[in-house]
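Survey of secondary and tertiary structure
Single-letter residue listing:
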Amino acid sequence: MTLHGEGAIPADLARRFAAFIDDRIAQAPLGRTLPPSVMMPLLDGVITAEGLGADAAWNRFVDHVSPNNVGLDSERYLAFIPVSPSAAGVWMDAAVSAATYSAESWLEAAGVVAAENQTLRWLADVFGMPASAGGCFMSGGSIGNLSALAVAREQMGERRSVAVADTAHASVFNSLRMLGLTREPGHEMIVVQTGDDGRFTGAALAAAVEGRTDIGLVVAAAGSTNAGVVDDLAGLADVAERLGAWFHVDGAYGAAGALLPELRHLYDGLGRADSMIVDPHKWLFAPEGSCALLYKQPDLAAAVHTQHGPYIDILHGDEPLWNPSDYGYQLTRRASGLPLWFALAVHGTDAHADAIRRGIELTRLAAERLSAIEEVSLVMPPQLGVLLFRRAGWGRAEWGAWAHRVLSEGIAFVAPSTWKGEPVGRLVFLHPRTPESVIDEIAATLA
Ligand SMILES: *Cc1c(COP(=O)(O)O)cnc(C)c1O
């Protein structure tokens, strides 16, 4: 008996795996999730000294593990931020698993690092970043933000305070806290309150920090997660520059919108970021587990993140080579940029832009359709793929019941949200194949 090599897994099981992937690509189920009291007993007895054998183990997976999850990749998943991986991306991700590329270093993985860097270069050009820009792919936006803000912290010098909007993602606040930038003596975190449009502007920042000389870091969003609003990046870049502060842009969800010429104006100023992130697993249709992290001056990041030690110093030989692990807090690293690289190679950048555009069209259709309902009003007109709306007379309980009803009728997976303290409805359109009929079905639940 062996874990490895030909025959370790019966050929028939390998075929079932391939069929599973094919089915998932054809149509991802809306899925469901279970309470722990029901879920845990389903897995009783799976892990044994002798093993269950291929058939029984596979059955436990297909009968009990896989079905009890919500399908983020479903065309009817309209909650949080959906994940809608391209078929090319899914298959390349499977190949990445099989091949175990050592994507942390050029020494071991020149091919993969070159392909990922080609993708990063393309992104940097889309965002208008300079020729010097570079970075790495990581596993997600949270670790990307943490890695970038750790570099920012080293560059803050005597200016130890931070300015961030009330709309910033939770991972930004967590990162600042872990880096000691929220509550250590001499560090102040200024949370700038946005107005009704949810947009963090240069004017609001200037007013909030007037007369201060201690601001060393400004964090903006290229697409806030809750409302999908791109901040006033050009105005914020101006003020950050005047303050001598590091300018970080969190574009995990929304920076991909910069691919669309008709939206490009929203992103003016993005190219001036000292650091920025975008998650390919969100609006660039890569499989889960991918963040692109870019710096204007990557050498500043290398000074923070390069790992040293007797067994790894050889990665940094005499010839300077590009090691992704020098640019983020991760050593062993899955080649999480390769699925996007491959999908771009297969379909081209226009097809990706078209897929993003479809999400925006669906959001606008939903905005029109829902605002025509007498009891419904939009919190704001949508900029990207997120729609926030009110329903007359509905509070937290009603919104909770609504989400439950929409799921139990098989219409969609939705999650209500809060806007400036008020419970509201929220929909996110990202999957380009979401049928328009879903919008009518949802509208019917609100009338
Ligand atoms: C999703 C998101 C994150 C966190 O990214 P993960 O990949 O989930 O870790 C950070 N910032 C913004 C704006 C996001 O939308």
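Quick caveat: nothing in here was measured; it's all calculated off a predicted structure.

1. Examining the pattern of salt bridges
Going through the model one piece at a time under the given rule, you end up with 23 salt bridges. Between Arg 358 and Glu 361 there is a salt bridge whose closest N-O contact spans 2.9 Å. Here the residue Arg 358 and the residue Glu 361 both occupy positions in helix H11 (residues 338-371), the gap between them amounting to three residues, near one helical turn. Of the residues examined, Glu 361 reaches a relative accessible area of 37% and is grouped as partly exposed.

2. Thoughts on the nonpolar core
Side chains of nonpolar character tend, in soluble globular proteins, to be buried together. Within the largest apolar cluster, 60 residues are counted, with the highest numbers of intra-cluster contacts made by Phe 127, Val 218, Phe 247, Tyr 267, Met 276 and Trp 283. Mapping this core onto the domain boundaries places at least three of its residues in each of domain 1 (93-347) and domain 2 (349-446). With 28 residues, the next largest nonpolar core counts Val 151, Leu 176, Leu 179 and Val 219 among its residues.

3. Some details on the side chain of Ser 161
Structurally, Ser 161 can be placed in strand E2 (residues 161-165). Among the residues examined, Ser 161 registers a relative accessible area of 1% and is labelled buried.

4. Regarding the domain arrangement of the chain
In terms of domains, the chain is made up of domain 1 (93-347) and domain 2 (349-446). Inter-centroid distance (C-alpha atoms) of domain 1 to domain 2 is 29 Å. Interface of domain 1 and domain 2: buried area, both sides summed, is about 2300 Å²; carbon and sulfur atoms make up 65% of it. It is Asn 226, Trp 283 and Phe 285 that lose the most area in domain 1 upon contact with domain 2, and together they represent 28% of the buried surface on that side. Across the domain 1-domain 2 interface, the total number found is two salt bridges. Among the ionic pairs, Asp 166 bridges to Lys 420, the shortest N-O distance being 3.5 Å.

Criteria and thresholds
Sequence order as written defines the numbering, with residues in each chain counted from 1. pLDDT decides what is reported in this predicted model: residues at 70 or higher carry local features, side-chain atom pairs at 80 or more are listed and counted, and totals for whole chains, interfaces and linings draw on all residues regardless. Side-chain descriptors were evaluated using all non-hydrogen atoms of the structure, hydrogens and water having been removed beforehand. For this analysis, a salt bridge means a side-chain nitrogen from Lys or Arg found within 4 Å of a carboxyl oxygen belonging to Asp or Glu. The helix count covers DSSP runs of H or I at least four residues long, the strand count covers runs of E at least two residues long, and both are numbered beginning at the N terminus. Accessible area is worked out with a 1.4 Å probe on protein chains only. A residue is then buried under 20% of its type maximum, exposed over 50%, and partly exposed in between. In this text, buried Ala, Val, Leu, Ile, Met, Phe, Trp, Tyr and Cys residues form a nonpolar core when linked through side-chain atoms within 4.5 Å. All the domain ranges listed were derived from an automatic or database domain assignment. Buried area: the sum, over both parts, of the accessible surface (1.4 Å probe) that disappears when the two are put together.

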